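Listed here are the chains, written in short residue letters.
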Amino acid sequence: MPTAVVVKPNGKILVADGYGTNYIYEFNSEGKYLSHFGGKNMEAKDKFKTPHGLTIDTRYEPARLLVSDREKRRLVHFS
């Protein structure tokens, strides 16, 4: 149950499954599955509870993925 989609500068696609697995899935530009990270956990810093928004912050090199984690009430970044 996707809650957000963003395209990285390299053309890869990230999809947040906020109402399902709580994973962030990565696909290539043709839509082929590549990997995923995250998962549901209220205590772990690298896990989510309803990732509900994604954006790419290009002010940094390399660009950072920003994830709005709705139930944990936080904004986290990944390089």
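Above this note sits the structure.
This is a predicted model, so every value here is computed, not measured.

**Some points on the side chain of N22**
Relative to the assigned elements, N22 resides in the loop between β2 (13-16) and β3 (23-27). Those residues in contact with N22 that lie beyond four places of it in its chain are D17, G38, G39, K40, F48, K49, T50 and P51.

**A few points about the pattern of salt bridges**
Applying the stated criterion across every chain, the model contains 4 salt bridges. A salt bridge links R70 to E71; its shortest N-O distance comes to 3.0 Å.

**Side note on the environment of T58**
By the secondary structure assignment, T58 is in the loop between β5 (51-57) and β6 (64-69). A sequence separation of 50 residues divides T58 from K8, and the C-alpha atoms of the two residues are 9.5 Å apart. The contacts of T58, once residues within four sequence positions are left out, are P9 and A63.

Cut-offs applied
Going along each chain's sequence as written, the residues are numbered from 1 onward. Restriction of local features to residues with pLDDT of at least 70 applies here, the model being predicted, together with a cutoff of 80 or more for giving and counting side-chain atom pairs; totals for whole chains, interfaces and linings are based on all residues. The side-chain quantities take in all heavy atoms of the structure and omit both hydrogens and water. Strands are runs of DSSP state E lasting at least 2 residues, helices are runs of H or I lasting at least 4, and numbering of each runs from the N terminus. Residues count as neighbours in contact if any of their non-hydrogen atoms are within 4.5 Å of one another. For this document, the term salt bridge refers to a Lys or Arg side-chain nitrogen within 4 Å of an Asp or Glu carboxyl oxygen.

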